[in-house]
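# Fold and geometry: a report
Below, each chain spelled out in residue letters.
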Amino acid sequence: MLDEVKQFLAREHGHYIGGRPVAGQGSERIEVRCPSTLTVVGSVAQAVDVDIEAAIASSHQAFRKDWASVSPADRERILLRFADLIEMHGEEIAQIETAQSGKLIALSRVIEVGWSARWLRYYAGWATKISGETITPSYPSMSGERYTSFTLREPLGVVFGVIPWNFPVMIPVWKFGAALATGNTVLIKSSEFSPLTMLRIAELGTEAGLPAGALNVINGTGKIGGKVTSDPRIAKVSFTGSVPTGRLIGEEAVKANLTRFTLELGGKNAAAFLPDTSIDKILDGVFEAGFLHSGQVCASAERFFVHRSQFDEVIEKLRSRMEGIKPSQPMDDAGMIGPVCNEPQFNKCLAAFELAKTEGDDIVTGGGAYRHDGLYIQPTIILPKSLDSSAYRQEIFGPVGTFVPFDDDDELLSMMNDTPFGLTASIWTNDLAKALRYVPRIEAGTVWVNMHTLVDPAVPFGGAKGSGVGREYGSSFIDSYTELKSVSIRL
Ligand code: NAD
């Protein structure tokens, strides 16, 4: 472990407010445990009311005074420098992340560091390209005078970003990158399970030239979230996390002041392999779709559909591949599977396996924890007893796939869509025309063909149905982080 990582972890962490780390006024602390060793690697303060007030006031003042007066070109320059600093300190950030969440170091390097820098650069480029339009109204005033109109895209104000534990660098970067590029200030609440990396990221933001208060961080459990959401100085809540919390935050935001909100939630995503796909491609596709970061990816598939003619062979070969996977220490460069990120998630997976057994599902392989000190869950294949099985219907968010055979297209589409959720789906086939006929019939915010899980900052991402409200990435974020103002001038 790098010396600077050891020193960072040993610090008495609190929050990051007004361009500097602050201890916080409360005495309660939240311990962060590495899930592979269960040892405490650091801790942060639990925010109390005065800390929340200080953070919101600082974000609000920075919006009114400082960040709002920074030109788009300077916003772009600062965000580009911010991305450079994330890369320059990439190994340090990756190691802090791996220490706090057990994420395999290769994933921390590629996704948390590499992808974060990519997203930040993408949003930086947009800062100078935000524009309204000019409009020629058709109808004169009542006295016959003509007028002309134009629109402005204005920042909303203070954006409250609420972050889950699975990608505690990349997900806040999606939010603050987009919000800062459009001229908002941002207050981030990290997950209580993985609060450390964001504190280091915020320091780099200040070093990059962000004015004090443009990017603040407050730490605490979910109970502090409601207090921030309901504050009238919060203009928008940008939430990523579970469906129940998302619904609650949406209700709180509406009650507060019709506060704007975006909800990026979970799901029960489907991956379907049409019978012209080779067995090897199906096996690789299952791993790509369902088992990255031990399945703790919102976009991951947990419902897999394989044509009946290939089903038994696919299950047998998957079983054999999965039983060859060895649990790895997170710092192992060539690690195959790491621990799940925290104890509640570990217990959630084990409880889902017990329920599956009680309901009569067939657990082909896995279905328990590895014999290991840390929170290691075995990759698991479940053949549900029926389409009502809990394992088939409810998000588990672990290295688990439920597998169901299908006979024809209509049956497949009906099963894929038979869920209240609609975040992602994938269809695997060599018949592109057929895939394109499927696409409009699949109820999901993202449909992949012959791929799954890969995202790009230019391609919008978000949920259909119960998986969310709004989109991130692409140009969609401009709408979501700005208010459209219409201006009309009598001529
Ligand atoms: P969670 O909903 O338990 O917590 C998310 C965040 O919300 C945490 O910071 C938590 O402290 C906070 N929170 C809890 N109650 C709150 C309240 N009343 N007000 C404000 N904040 C509150 O989710 P999690 O377990 O951290 O993350 C896993 C979930 O996130 C999965 O369901 C996964 O599918 C989803 N997810 C979705 C996406 C996406 O882009 N759609 C991405 C990653 C994860």
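Since this is a predicted model, take the numbers as computed values, not measurements. (Residues numbered from 1 in each chain as written. Predicted model: local features only at pLDDT ≥ 70, side-chain atom pairs only at ≥ 80, totals over all residues. Heavy atoms only, no water.)

## As for the overall build of the chain
Secondary structure summary: the chain contains 16 helices and 22 strands in total. Whereas a compact globule of 491 residues would reach a radius of gyration of roughly 23 Å, the chain reaches 24 Å, a difference of no more than 12%. With respect to the three principal axes, the spread of C-alpha positions in the chain is 75 × 65 × 40 Å. Carbon and sulfur atoms make up 54% of the accessible area of the chain, which amounts to about 19,600 Å² in all. Of the side-chain charges in the chain, 47 are positive and 58 negative, and the distance between the mean point of each set is 4 Å. (Helix = DSSP H or I, 4+ residues; strand = E, 2+ residues; numbered from the N terminus. Rg over C-alpha atoms; globule rule 2.2 N^0.38 Å. Areas by Shrake-Rupley, 256 points an atom, 1.4 Å probe, with all protein chains shown as cover. Lys, Arg positive; Asp, Glu negative; His and termini not counted. Charge placed at Lys NZ, Arg CZ, Asp CG, Glu CD.)

## Some details on helix α5 (residues 105–126)
In this model, α5 (22 residues) spans 31 Å end to end at C-alpha, consistent with the 32 Å of a helix rising 1.5 Å per residue. Maximal helix bending in α5 amounts to about 25°, located at Trp115. (Expected span 1.5 Å × (residues − 1). Bend = angle between axes of the 7 residues up to and from the residue.)

## Some points on unusual backbone geometry
Backbone geometry at His293 places phi at a positive 50°, although glycine is not the residue there. Summarising the element assignment, His293 is placed in the loop between α10 (279–290) and β13 (301–307).

## Quick notes on the nonpolar core
As a rule of thumb, soluble globular proteins bury nonpolar side chains together. The biggest cluster of nonpolar side chains holds 70 residues, and the ones touching the most others in it are Phe82 and Phe176. Of all the elements, α5 adds the most residues to this core, at 10 residues. Each of domain 1 (3–266 + 469–490) and domain 2 (269–456) accounts for three or more of the residues forming this core. Ignoring anything within four residues of it in the chain, the contact list for Phe82 reads Leu120, Phe176, Ile201, Leu204, Gly205, Ala208, Leu210 and Leu215. By size, the runner-up hydrophobic cluster in this structure holds 21 residues, among which are Val22, Ala55, Phe160 and Val243. (Core = buried A, V, L, I, M, F, W, Y, C linked by side-chain atoms within 4.5 Å. Buried < 20%, exposed > 50% of the residue type's maximum accessible area, 1.4 Å probe, protein only. Domains from an automatic or database assignment. Contact = heavy atoms within 4.5 Å.)

## Let's talk about the packing of aromatic side chains
Evaluation of the coordinates by the stated rule reveals 14 aromatic pairs. Between the aromatic rings of Trp115 and Trp119, the centroid separation amounts to 6.1 Å while the plane-to-plane angle is 25°, which identifies the pairing as stacked. In this pair, Trp115 and Trp119 both sit in helix α5, 4 residues apart, roughly one turn of the helix. Each member of the pair Trp115 and Trp119 is classed as buried. Ring centres of Trp119 and Trp174 lie 6.4 Å apart, and the angle between their planes is 35°; this geometry places the pair in the tilted category. Of this pair, Trp119 sits in helix α5 while Trp174 is found in helix α6 (residues 170–181), placing the two residues 55 residues apart along the sequence. Residue classification places Trp119 among the buried positions, given a relative accessible area of 0%. Take Trp174: its relative accessible area is 5%, and that puts it in the buried class. Linked through ring pairs, Trp115, Trp119, Trp174, Phe461 and Tyr473 together constitute an aromatic cluster. (Phe/Tyr/Trp six-rings, centres within 6.5 Å; stacked < 30°, edge-to-face > 60°.)

## Focus on the environment of Ser191
Within the element layout of this structure, Ser191 appears in the loop between β8 (185–189) and α7 (196–208). As for Ser191 and Thr148, which are separated by 43 residues in sequence, their C-alpha atoms are 48 Å apart. Here Ser191 is in contact with Ile163, Pro164 and Trp165, once residues within four sequence places are set aside. Among the polar contacts listed, one links the side chain of Ser191 to the backbone nitrogen of Phe193, at a separation of 3.1 Å. (Polar contact = N/O pair within 3.5 Å; in protein donor to acceptor, adjacent residues only side chain to side chain.)

## Some details on the sheet that holds strand β22 (residues 482–490)
Strand order in the open sheet formed by 3 strands is β5-β6-β22, and the pairing between neighbours is antiparallel. With one partner strand each, in any of the chains shown, β5 (134–135) and β22 form the two edges of the open sheet. Bridging between β5 and strand β6 (residues 147–155) involves 2 bridges; their strand directions are antiparallel. Bridging from a neighbouring strand, Ile135 pairs with Ser149 of β6. (Pairing = 2+ DSSP bridges.)

## With respect to the site of the ligand
Residues in close proximity to the ligand total 29 residues, the closest being Ile163, Glu192, Ser242, Leu265 and Glu395. Between the ligand and Ile163, the relevant distance is 2.8 Å, taken from an oxygen atom to a main-chain nitrogen or oxygen of the residue. At 2.9 Å from an oxygen atom of the ligand is found a side-chain nitrogen or oxygen belonging to Trp165. For the ligand, whose accessible area on its own is 860 Å², the fraction buried by protein is 89%. (Near = heavy atom within 4 Å.)

## A look at the pattern of salt bridges
According to the stated counting rule, one finds 34 salt bridges in the structure shown. Residues Glu76 and Lys129 are paired through a salt bridge, measuring 3.9 Å at the closest nitrogen-oxygen approach. With Glu76 in helix α3 (residues 72–88) and Lys129 in the loop between α5 and β5, this residue pair connects regions lying 53 residues apart in the sequence. Where Glu154 meets Lys485, a salt bridge forms, and the shortest distance between an N and an O atom there is 3.0 Å. Of this pair, Glu154 sits in strand β6 while Lys485 sits in strand β22, and the two are 331 residues apart along the sequence. (Salt bridge = Lys/Arg side-chain N within 4 Å of Asp/Glu carboxyl O.)

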